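# Architecture and fold: a report
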Amino acid sequence: MGIPGSTMEDATEVHSHIHALGQCRRIIREAGLKPVIAGDTAGSAREVREWNDPRKLSLAPPLAAQLYGLDVLASGVEDNPSNTTRFVVLARERELPTKEELPGPAITSFVFRVRNVPSALYKALGGFATNGLNMTRLESYMVGDEFAATMFLSDVEGHPEDARLRRALEELEFFTTEVRVLGVYAADAYRERNTVSA
């Protein structure tokens, strides 16, 4: 997107978040644009509007074009059409939606720290398997500079009020030193449409 009257042919730079630039390499290369890293996608759109320079474009969501009065010059420009971006809403108070507030499929995101014992992760995840829960994400990261303190970020299908997930989280606490539910949210229909079954 660019200021009104700008064109892809006259542009020389495209500004956006580093991940958006990485996900749209093909069009950047084909248009001969110089990628410039910005703090975030919508912020790059705001900057392009402020600069008022037709040679500078932004890779940002369509709402940013509406918000800042920019023309959308191309859409669907990601290299991989199955690319998805997840956004996080932060709040000072931890208020998880109830099962009644999320009547359909839900996803629960949480972090946990395993005890520093052999097979701790294997044992910690056992409750999810025995309760028939689908874990869709598991990422590890070190805490501070200690090799003994590993935290894991996980997403699992289900709501903490579901009996199966409640049992799995209770079992997880037995093998961990910390479990913290970060959020519960409605599962997007995209997940069901793009699930590959074995």
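Since the model is a prediction, treat every value here as computed from it, not as a measurement.

## Focus on the sheet that holds strand β6 (residues 150–157)
Pairing in this open sheet of 4 strands is antiparallel, and the strands run β5-β6-β4-β7 from one edge to the other. The two strands at the open ends of the sheet, each matched to only one other strand, are β5 (135–142) and β7 (176–186). Strand-to-strand twist across the sheet, computed as the mean angle between neighbouring axes with direction ignored, equals 15 degrees. Bridge count between β5 and β6: 7 bridges; the pairing is antiparallel.

## Considering helix α6 (residues 163–174)
Every α-helix carries 3.6 residues per turn, so stepping three or four residues along brings you back to the same face. For α6, built from 12 residues, the straight-helix expectation of 16 Å at 1.5 Å per residue is met to within 8% by its first-to-last C-alpha distance of 17 Å. Within the sequence span of α6, burial applies to L165, A168, L169 and L172. Projected onto a plane normal to the axis of α6, the buried residues spread over an arc of 95 degrees and lie on a single side. Where α6 is buried, its residues touch β4 (106–114), α5 (120–130), β6 and β7.

## Some points on the UniProt feature "domain: Prephenate dehydratase" (unreviewed entry) in the protein chain
The feature "domain: Prephenate dehydratase" (unreviewed entry), as given by UniProt, occupies residues 1–92 in the numbering adopted here. With 34% helix and 12% strand, residues 1–92 has end C-alpha atoms that lie 34 Å from one another.

## As for unusual backbone geometry
Only a minority of non-glycine residues have a phi that is not negative, and only a minority of peptide bonds are not trans. With a phi close to 55 degrees, N52 is a non-glycine residue in the positive phi region. The topology assignment puts N52 in the loop between α3 (41–51) and β3 (56–58). With relative accessibility at 45%, the residue N52 sits in the partly exposed group. Here the phi dihedral of S119 falls at roughly 60 degrees; this positive angle occurs in a residue that is not glycine. If you trace the backbone, S119 turns up in the loop between β4 and α5.

Rules of the game
- Residues numbered from 1 in each chain as written.
- Predicted model: local features only at pLDDT ≥ 70, side-chain atom pairs only at ≥ 80, totals over all residues.
- Heavy atoms only, no water.
- Pairing = 2+ DSSP bridges.
- Helix = DSSP H or I, 4+ residues; strand = E, 2+ residues; numbered from the N terminus.
- Axes fitted to C-alpha atoms, helices over the stretch in contact; angles between N-to-C directions.
- Expected span 1.5 Å × (residues − 1).
- Buried < 20%, exposed > 50% of the residue type's maximum accessible area, 1.4 Å probe, protein only.
- Arc of directions from axis to C-beta.
- Contact = heavy atoms within 4.5 Å.
- UniProt positions renumbered as here; feature names shortened; annotations may be inferred.

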